[in-house]
Number of protein chains: 2
Amino acid sequence: MSDTLPTQPGAASRIKARYWIETAFPLADAAFIMAGEQSTGTFVRTPGETDELRARYAARVEKIVELGAVDAPSLSGSGLPRKHTGPVIRRAAEVTLSWPLENMGPSLPNLLATVAGNLFELKPFSGLKLLDIELPTEFLSVYQGPQFAVEGTRQLTGVYGRPLIGTILKPSVGMSPEQTAAQVRMLAEAGVDFIKDDELQADGPHCPFDQRIPQVLRVLNEYADHTGKRPMYAANITGEIDQMQRRHDLVAAAGGTCVMVSLNSVGLPGMVALRRHASLAIHGHRNGWGIFGRSHAIGMSFIAYQKLWRLAGIDHVHVNGLRNKFCEEDASVIASARECLTPMFAPPYKGCTIMPVFSSGQSARQAPDTYKALGSLDLIYACGGGILAHPAGPAAGVRSLHQAWQAAVDGIPLAQYASTHTELRGALEAFPD
Amino acid sequence: MSDTLPTQPGAASRIKARYWIETAFPLADAAFIMAGEQSTGTFVRTPGETDELRARYAARVEKIVELGAVDAPSLSGSGLPRKHTGPVIRRAAEVTLSWPLENMGPSLPNLLATVAGNLFELKPFSGLKLLDIELPTEFLSVYQGPQFAVEGTRQLTGVYGRPLIGTILKPSVGMSPEQTAAQVRMLAEAGVDFIKDDELQADGPHCPFDQRIPQVLRVLNEYADHTGKRPMYAANITGEIDQMQRRHDLVAAAGGTCVMVSLNSVGLPGMVALRRHASLAIHGHRNGWGIFGRSHAIGMSFIAYQKLWRLAGIDHVHVNGLRNKFCEEDASVIASARECLTPMFAPPYKGCTIMPVFSSGQSARQAPDTYKALGSLDLIYACGGGILAHPAGPAAGVRSLHQAWQAAVDGIPLAQYASTHTELRGALEAFPD
C-alpha cells in the first residue's frame, strides 16, 4: 500500500523524540544542549557551524514540560552549570526535540545514533530516558513493517474471535530434539494454538536446530493432517545473519509458519535483513529488555522501542502480563500492549500494528482484567503452569483459558462462569489469586 | 592461529559471568534464582526438569561476595521473599554464575540471551548489572576477532612510538561532500594521523555517502602521493547489512583503510557479517553506550560489553577520555582502555586486544595523566578543539600533542617541556586545566 504513496524525503519531514530528563541546569539550557549535541553542535563552536547550516540542520526544541523539583540526582556523574552559585535546584521535565529527516535519511540504525546516542552521557543530566518517537512516513519507503501481524497470524492458525492460547517449551534448555518433539505433540493434543521455543534454546549442541525443527514440525504436520488444526510454532532462529536466513528456510521447508528472534541479540539491521528474506511470521522476543526499560532514569521506554522493531518487521512482541512474575507493573504492561495495537502511521499508510504476547505467570485468572484493560482479543496469551499444572491435565488447562476469555467477553464474573464450566472451576481452584 | 588449535565444544567448557546485584532475598537464594531463570529453571518446576538434566545443563553459582547492606532499593518493582516477616535487609553483592557451553554453543547472540536476558527483570532484584564475562576458546572457532587492532593500525598509518593523533569532522551534520573534503584536506595538512566522521553523519541526503567518500579519499590519496603519509579516515558506514558491505567496498576501492560503525545501531550479528566481509579496519563507535553503562544498578559494564564486540571483530573502540565532557569518571575511562589492551584469551590463542580511542574535551593537557594511568602508547588520541582551537592553527595544535606525549614518555612536566616547545606552550595557554 505504502508503495503507491509519496515517501521521498520532503524538506518539511521531521523526526520527533520525547525524553524524560533530570537536570540542575535551567531547563531551556538543558534542552538546547541535547539538541546541539545530537545535531550540529559540539562543545566548542566550530567555524563551519554557520547560521545558515544551523537553520537547516540543527535539532529544534519543540516543547518543555516541567515536572517539578527532585531531591537527589537519580544517576551519579552529572554536573552543574558553569559559574553556578547559590542552591542547586534539580528538576525533572519532559523535553520534545525534532530533527529534519535530511540529517540522517530514513535509516533506523542512523536514527538510533541521533535519538538514542551520546546524549545519555551528557554532563548536565542526572537522568535521561527516551519516552517516544514519531517518524515521518518516508521510513515506509525503506522498511516493510510487519508481514503478518494480527490478521496474518489469525489466518495462519485459524483462530478467530479470541486470543491465541500459547505456551513455551520447558525446561528451557536440556531437552533433546526427540524430547522437544514429544512435548510439542502433547501440547498440540492439548489444543494450544501457539508454541514457542525458549529464548535460551536456539541451536545448543545438545539440541541442534537442524535436528529439532524437522522433528517438531513432523509432529505438527501429522497433527494438522489428522485434525485440520495447525498450531503455530515459533522456532528460535536467533543467530548470525546467514544462520537466521538459512534456519528460516529450513522452518519454511518443513511446513512451519513462524520464526522467533531475540531482538536485542540481533540488532535492527539483523531484523531488517531477516524481514526482507522472510515468508514466515516473525515472533519478537525482548529478553534483555530490562537494560532499556527497567530504570526510570536511563534508557528507552517500550513505547519507543517497539516502534523501531515494528518498522523493522516483527509480527509479535512480548509485553509481559498482568500480575506477572517480573518487576513490571500492570499499567505498564497494558500501555505496551495497547501501543502494539495502535497504528504508527495514519491511513492510507501502513499502520504497522502487531500482536502483543502476554506471558509470565498467566492463567485463567488474568483473562477478565486483561480484556477489560486492553479492550481487544488481538493477543497471544501464553501460559506455562496455567496449562500444564491444571489438575485435569493440559487439555483441561487450555479449555479453562477458552472459558475464561469467553467469560471476559460476556462480562460474566469468572467465579460465576466457573459454576457451569468444569475446567475453569479446576483452574480457579488450582491457581489462587 | 586459533584455527590450528582445538576449538570444538568440550564437555568441560563453561561460560562465566559476574554480576552486581541488590536484593532483599537471602543472597544464596537470589543467586539460585538467577541461575535457574537463565538455564533449566522456570517459576514452576516442570516434569521434564529431571535431576539428570539439571546436573548437566543447570547454571552453577560459582561465587557470592557480599558487599554490605543498602538503605533503599536502587530500582523500583522488586519483591520480598514469599512469606517474609520481620525487617527487610537489602544487600548488594557480586555473584558469579557459570553455564556449560553446551547450553547455547559458541554463539554471541545466543550467549547474550543467556548472560544478559530476562534476568534484569527478575522480581527479587532492585538492581542487577553484568560486570564481566569469561568465554571459552571455542568462540574463536566461530568469531574472527579484530583484523588489524594495534599493530595493523600502526602499519596502515605508519605511526609508531606514540599514540595516533586523531580528530572528528565537525559540524557533525550539515556539511556537503565538498565541505567535508575541504575539512579533511585542512586536517591532513595539519598532520593528523586519524580522521573520523561524526556518528550523526552516515548517509544523510544532504551529504550522501557515495558522494562524500570519493571526494574525501581523493584528497587523502593526493596528500599521500605528495607526502608519503596517509591519514586513516574512518568512514561511517553504519546502515543495513547490505549497505554496510557495499559501503565498505566503496571505501576500499577508493583507497581508504578504515570504516566506522555505530555498534549499538547494528547489533552483534551485523558486526560479524561486516567483519567476515571486511578488508579494512573497523572503528567501533559506542554511541548509546550510556543506556548500558551509566546506571550502577542496571545494564552492563564496559568490561563485559567490549569483549563481545572484540570477538565480533572491531579494531578500535571509544572509551571517552580523562576529564571528559561527559559523566564518566577518569578511573572508569582508564579501566575501559586497559581492558581493550588486555588479552581475552591466553596464548597461543588470539588475545583479541584492540586500540582504545580517547576523545571528548582532550588536548595536550591530559597526555601525561593518560600515559601514567594507562602505561601504553597504543591508543588513538582524538582532539577537536585541542587541535582546531590552537592559537597558532591546527598544525601547531597537532605538534602540541606530539610534544605533550613526548613529555609524558620522557617524564618531564608539561610546563617545563613547554619552555622549549612553542606549540605546547601555546596549547597550555589556550586550554587551561
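From a predicted model like this one, the values you see are computed outputs, not experimental measurements. (Residues numbered from 1 in each chain as written. Chains lettered and ligands numbered in written order. Predicted model: local features only at pLDDT ≥ 70, side-chain atom pairs only at ≥ 80, totals over all residues. Heavy atoms only, no water.)

This next bit is on the overall build of chain A. A count of helical and extended segments in chain A gives 16 helices and 13 strands. Since a compact globule built from 433 residues should have a radius of gyration of about 22 Å, the 24 Å found for chain A is in line with a globular shape. Each principal axis of the C-alpha atoms in chain A carries an extent, and together these give about 75 × 45 × 45 Å. Contacts spanning at least 24 positions in sequence make up 75% of the contacts within chain A whose residues lie at least 6 apart. Counting only carbon and sulfur atoms, one obtains 52% of the accessible surface of chain A, whose full area is about 15,100 Å². (Helix = DSSP H or I, 4+ residues; strand = E, 2+ residues; numbered from the N terminus. Rg over C-alpha atoms; globule rule 2.2 N^0.38 Å. Contact = heavy atoms within 4.5 Å. Areas by Shrake-Rupley, 256 points an atom, 1.4 Å probe, with all protein chains shown as cover.)

Right, let's talk about helix 11 (residues 330–340) of chain B for a bit. Listing the buried residues of helix 11 of chain B in full gives Val333, Ile334, Ser336, Ala337, Glu339 and Cys340 of chain B. Residues of helix 11 of chain B that are buried sit in contact with helix 10 (302–312), strand 11 (316–318), strand 12 (355–358) and helix 12 (367–374) of chain B. (Buried < 20%, exposed > 50% of the residue type's maximum accessible area, 1.4 Å probe, protein only.)

Okay, the interface of chain A and chain B next. Every contact between the two is made by 86 residues of chain A and, on the other side, 86 residues of chain B. Here chain A meets chain B over a buried area of about 6,900 Å², counting both sides, of which 60% is carbon and sulfur. Counting the surface chain A buries against chain B, the share from its top three residues, Glu121, Ile291 and Arg294 of chain A, is 12%. A salt bridge links arginine 276 of chain A to aspartate 242 of chain B; the shortest N-O distance between them is 3.4 Å. Counting the contacts that link chain A with chain B gives 26 residue pairs in polar contact (both at pLDDT 80 or more). Contributing elements (two or more residues each) for the side of chain A that touches chain B: helix 2 (51–57), helix 3 (108–115), strand 4 (125–134), helix 7 (241–253), helix 8 (263–277), helix 9 (289–293) and strand 10 (298–300) of chain A. (Buried area = accessible area lost by both parts, 1.4 Å probe. Salt bridge = Lys/Arg side-chain N within 4 Å of Asp/Glu carboxyl O. Polar contact = N/O pair within 3.5 Å; in protein donor to acceptor, adjacent residues only side chain to side chain.)

Time to look at the relation of the copies chain A and chain B. You can overlay chain A on chain B at an RMSD of 0.0 Å; the transform is a turn of 180 degrees with a shift of 0.0 Å along its axis. On the angle and the small slide along the axis, the relation comes out as a two-fold axis. Among all C-alpha atoms of chain A, that of glycine 267 of chain A lies closest to the rotation axis, at 2.0 Å. In this assembly, 100% of the residues forming the interface of chain A have copies in chain B that are likewise at the interface, indicating an isologous arrangement. (Least-squares fit on C-alpha atoms with pLDDT ≥ 70 in both.)

Turning to the sheet that holds strand 3 (residues 91–100) of chain A, a few remarks are in order. All names here are of chain A. Overall, mixed pairing links the five strands, which are arranged 2-3-1-4-10 in an open sheet. Sheet topology places strand 2 (60–69) and strand 10 at the edges, where each strand pairs with a single neighbour. Going across the sheet, the axis of each strand differs from the next one's by a mean of 15 degrees, ignoring polarity. Judged from the eight bridges that link them, strand 2 and strand 3 form a sheet pairing that is antiparallel. Note that in strand 3 the partner of glycine 68 across the bridge is alanine 92. Against the sheet, helix 3 touches strand 1 (14–23), strand 3, strand 4 and strand 10, its axis set at about 35 degrees to strand 1. (Pairing = 2+ DSSP bridges. Axes fitted to C-alpha atoms, helices over the stretch in contact; angles between N-to-C directions.)

All names here are of chain A. For strand 4, the buried fraction is high: nine of the ten residues fall into the buried class. Bridge analysis of strand 1 against strand 4 gives eight bridges, and the strand direction is antiparallel. Residue pairing in the sheet places tryptophan 20 in a bridge with lysine 129 of strand 4.

A word on empty space enclosed by the protein. Summed over all chains, the structure comprises six cavities of 30 Å³ or more. In this structure, the largest cavity spans a volume of roughly 460 Å³. Around the largest cavity, the lining is made up of 31 residues, and of these Asn264, Gly267 and Phe292 of chain A together with Asn264 and Phe292 of chain B lie nearest the centre. In terms of residue class, the lining of the largest cavity is built from 21 nonpolar, ten polar and no charged. (1 Å grid on protein atoms, 1.4 Å probe; cavity = no way out; pocket = protein on both sides within 12 Å on 5 of 7 lines; lining within 4 Å. Points joined across faces, edges and corners; volume = space filled by probe spheres on them. Nonpolar A, V, L, I, M, F, W, Y, C, P; charged D, E, K, R; others polar.)

Before going further, it helps to examine the sheet that holds strand 7 (residues 232–236) of chain A. Residue and element names in this part refer to chain A. Read around the closed barrel, the eight strands follow the order 5-6-7-8-9-11-12-13; overall the barrel is parallel. Strand-to-strand, the axes of this sheet are offset by a mean angle of 25 degrees, without reference to chain direction. Note: strand 11 (residues 316–318) against strand 12 (residues 355–358), three bridges, orientation parallel. Looking at strand 12, one finds that histidine 318 is bridged to valine 357.

Let's shift gears to the environment of proline 106 of chain B. All names here are of chain B. Along the chain, proline 106 falls in the loop between strand 3 (91–100) and helix 3 (108–115). Owing to a relative accessible area of 17%, proline 106 belongs among the buried residues under this scheme. As for proline 106 and threonine 137, which are separated by 31 residues in sequence, their C-alpha atoms are 8.9 Å apart.

Residue and element names in this part refer to chain A. Burial of strand 9 (residues 281–285) is extensive: five of the five residues sit out of reach of the surface. Residues Ala281, His283 and His285 of strand 9 are buried on one face, and the alternating residues Ile282 and Gly284, pointing to the opposite face, are buried as well. Sheet analysis places strand 8 (residues 258–262) next to strand 9, joined by five bridges and oriented parallel. Bridging across to strand 9, valine 261 finds its partner in glycine 284. For the handedness criterion, the β-α-β arrangement of strand 8, helix 8 and strand 9 is classed as right-handed. Bridge count for strand 9 against strand 11 is two bridges, and the pairing is parallel. Counterpart to histidine 283 in the pairing with strand 11 is histidine 316. (Right-handed = clockwise from strand over helix to strand, strands pointing away.)

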